[in-house]
Amino acid sequence: MTRQSVQGRRAVPRRQAFLLAPAVLGVSAGLLMAASVLANTVPAAASTGTSVSGTLQAWGDDLRGQLGNGATGLVDQPVTVQLPAGVTITAVAAGGQATLAVTSTGRVYAWGNNHYGQLGDGTTNDSHTPVLVRLPKGTVATGVAAGDGDSLAVTSTGRVYAWGNNHYGELGDGSTVNRILPVRVALPHGTKAVSVTASYNYSMALTSTGSVLAWGYNGSGQLGNGFLTASEVPARVKLPAKVKVKMLVSGGYDGLALTESGHVMAWGDDGFGQLGNGNAKTSLRPVPVKLPKGVKIIAVAGGSQHSLALTSSGEVLAWGRDTWGQLGNATTARSRVLPVRVRIPRGDRVVAISAGGGFSLAVTSTGQVLAWGHNAWGQLGNGTLKDSHVPVVVKLPATMTAVGLARGPTTRHALSIVH
């Protein structure tokens, strides 16, 4: 089987409402971009709520310039993103073959593939270095998300803007028209968003009241509203009564939420056990992940077909597909339907996690970045193209320490905010 057949985008007719067999999913999210971005739309120190800022390092797939260093190709060790002079990055997101970053002044830069207009600069020209997204005048962005061909930004006023591919309504503006400039997502009246997340063909937002909205494709139940039909405007995810969410991420075709009570809920495709409830059965509404007794979760991450959770003690749990060792427990299996512990090196304490298409990432309390899983594009950043079933150290420059990770289940590349 060729690399393209394994890692290419999944073609699905618009509004198609049946469940695709797990074999069709292929590598899914993280293998559509072979790079790793270490930075978050949520602060790296999620448990304390502190913010992070700095410059960017990137590695992995750079075929469309998504590493932002002015070149293209494949990079198996971190390189510096060529940001404009004086720019400080506070959040970053990795998409299919494009990258987004928020600056300390609330601007958004984008680089990489621009086939659908996902760079938001009014063109469809790729860029190998960061270009400014043309948000409405006066807009202050606080977070970003990148899907396979679309992009989103949440603002200081709680609005959400989207641009790029809109084939399934993933821009949430009530249409299926692609946009090369940002348009406002049609959130319900009075709703304020605090974060956004995106995947192959759907998008989600966490609101200030702890509810979750989702829009776009829904053939695997990833909108979590009990149906299988697409939605071109945001629809409420049917969480259990009185449940409030404090952290929201998307997997390839599933959603993952950390609640205020410390539970983890998941919905959508479960062909490889990525919902973590023990039965590998797709769910159209949120179901609880079966976590080990006594474990307190402080952060979650969604890969293409696997999921991660960070505990208050600095350990990492993983479940779902394990073909390339992306669960990091020194073995491989078709899948794990219940969480297993990642073999983090003895003495290391993890403070941030992220997941891509077939690989996983973590930042430790000492500022190291660990990576494990698929590595055909150099997305583990350790100078090789060899998969790893246990965490290996990303080769950041000796003088740099990582402070955050980028979210992006559709990626084959990675980025890290560093000091």
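Note that this is a predicted model, so its numbers are computed, not measured. (Residues numbered from 1 in each chain as written. Predicted model: local features only at pLDDT ≥ 70, side-chain atom pairs only at ≥ 80, totals over all residues. Heavy atoms only, no water.)

Enquirer: Which parts of the structure should I look at to understand the overall build of the protein?
Expert: Regarding its fold elements, the protein presents two helices and 29 strands. By residue count, 62% of the 419 residues in the protein fall in the buried class. Of the contacts formed within the protein by residues at least 6 apart in sequence, a portion of 57% connects residues at least 24 apart. Summing over all exposed atoms, the protein offers an accessible surface of approximately 14600 Å²; the carbon and sulfur share of this is 52%. (Helix = DSSP H or I, 4+ residues; strand = E, 2+ residues; numbered from the N terminus. Buried < 20%, exposed > 50% of the residue type's maximum accessible area, 1.4 Å probe, protein only. Contact = heavy atoms within 4.5 Å. Areas by Shrake-Rupley, 256 points an atom, 1.4 Å probe, with all protein chains shown as cover.)

Enquirer: Looking at this structure, I do not really get the nonpolar core. What am I missing?
Expert: Grouped burial of nonpolar side chains is what soluble globular proteins tend to show. Ranked by size, the top nonpolar core spans 31 residues in total, and within it L256, V300, V316 and I353 carry the most contacts. Counting only elements with at least two residues in this core, the list comes to β16 (245-250), β17 (254-259), β18 (264-268), β20 (297-302), β21 (306-311), β22 (316-322), β24 (350-355) and β26 (369-373). Ranked by the residues each element gives to this core, the list is headed by β20, at five residues. Core analysis: the next-biggest nonpolar cluster, separate from the first, contains 17 residues, L67, V92, A101 and L415 among them. (Core = buried A, V, L, I, M, F, W, Y, C linked by side-chain atoms within 4.5 Å.)

Enquirer: Just to check I follow, could you spell out the environment of G73 for this structure?
Expert: Mapping G73 onto the fold places it in strand β3 (residues 73-80). Sequence separation between G73 and W377 is 304 residues, and the spatial gap between their C-alpha atoms is 9.5 Å. Not counting the four nearest positions on each side in its chain, G73 is found in contact with G60, D61, D62 and L63.

Enquirer: Got a minute to help me understand the sheet that holds strand β13 (residues 202-207) in this structure?
Expert: Note on sheets: strands pair through backbone hydrogen bonds, and any given pair is parallel or antiparallel. Spatially, β12-β13-β14-β15 is the arrangement adopted by the four strands of the open sheet, whose pairing is antiparallel. The sheet terminates laterally at β12 (193-198) and β15 (231-236), the two strands that pair on one side only. With direction set aside, neighbouring strand axes in the sheet form an average angle of 20°. With five bridges connecting them, β13 and strand β14 (residues 212-216) associate as antiparallel partners. The residue of β14 that forms the bridge with L206 is V212. (Pairing = 2+ DSSP bridges. Axes fitted to C-alpha atoms, helices over the stretch in contact; angles between N-to-C directions.)

Enquirer: Could you clarify how one ought to interpret the packing of aromatic side chains in this entry?
Expert: The geometry of two aromatic rings is summed up by the distance between their centres and the angle between their planes. Scanning the model with the defined rule gives two aromatic pairs in all. Aromatic side chains Y200 and Y253 sit 5.0 Å apart centroid to centroid with 15° between the ring planes, which places their arrangement in the stacked category. Of this pair, Y200 sits in the loop between β12 and β13 while Y253 sits in the loop between β16 and β17, and the two are 53 residues apart along the sequence. Accessibility classification places Y200 together with Y253 in one group, the buried group. (Phe/Tyr/Trp six-rings, centres within 6.5 Å; stacked < 30°, edge-to-face > 60°.)

Enquirer: Would you explain unusual backbone geometry in this entry?
Expert: Most of the time, phi is negative for any residue but glycine, and the peptide bond is trans. A positive phi is found at K242, a non-glycine position, where the angle reads about 70°. Overall, the relative accessible area of 85% leaves K242 in the exposed class. The residue A330 is not glycine, and still its phi comes out positive at about 75°. Tracing the backbone shows A330 in the loop between β22 and β23 (333-341).

Enquirer: Explanation requested: the confidence of the model for the protein in the structure shown.
Expert: Low-pLDDT portions of the prediction should not be read for the details of their coordinates. Looking at the protein, the pLDDT average stands at 88 and 87% of residues meet or exceed 70. Counting contacts from residues 1-51, a segment whose pLDDT is below 50, to residues more than four positions away or on other chains yields 196 contacts. (pLDDT = per-residue confidence, 0-100.)

Enquirer: What is the right way to look at the pairing of β20 in this model?
Expert: Each regular strand displays side chains that alternate between the two surfaces of the sheet. Burial runs high along β20: six of the six residues are buried. Linking two consecutive strands that pair antiparallel, namely β20 and β21, is a turn of three residues.

Enquirer: I'm lost on the pairing of β14 in this one. Help?
Expert: With respect to burial, β14 is a largely interior element, five of its five residues being buried. Alignment of β14 against β15, held across three bridges, turns out to be antiparallel. Among the inter-strand pairings, L213 is bridged to a residue of β15, identified as R236.

Enquirer: What's the story with the pattern of salt bridges in this structure? I'm lost.
Expert: Where charged atoms from two side chains of opposite charge come close, those side chains can pair. A full pass over the atoms with the stated rule returns four salt bridges. Between D61 and R412 there is a salt bridge, with its nearest N and O atoms 2.7 Å apart. Taken together, the positions of D61 in strand β2 (residues 55-62) and R412 in the loop between β28 (402-405) and β29 (413-418) put the pair 351 residues apart, joining distant regions of the chain. For D61, a relative accessible area of 0% translates into the label buried. (Salt bridge = Lys/Arg side-chain N within 4 Å of Asp/Glu carboxyl O.)

Enquirer: So what exactly am I meant to see when it comes to the sheet that holds strand β4 (residues 89-94) here?
Expert: Spatially, four strands are ordered β4-β5-β6-β7 in an open sheet, and the strand pairing comes out antiparallel. Whereas interior strands pair on both sides, the edge strands pair on one side only; in this sheet they are β4 and β7 (127-132). Averaged over all adjacent pairs, the angle separating strand axes in this sheet is 20°, with direction ignored. For strand β6 (residues 108-112) and β7, the ladder comprises three bridges, and the chain directions are antiparallel. Residue pairing across strands places A110 opposite V131, the latter belonging to β7.

Enquirer: Where do I start with the side chain of T197 in this structure?
Expert: Summarising the element assignment, T197 is placed in strand β12. The class of T197 is buried, set by a relative accessible area of 6%. A polar side-chain atom of T197 sits 2.8 Å from a polar atom in the side chain of S250. Those residues in contact with T197 that sit more than four places away from it in its chain are A145, S203, M204, L248, V249 and S250. (Polar contact = N/O pair within 3.5 Å; in protein donor to acceptor, adjacent residues only side chain to side chain.)

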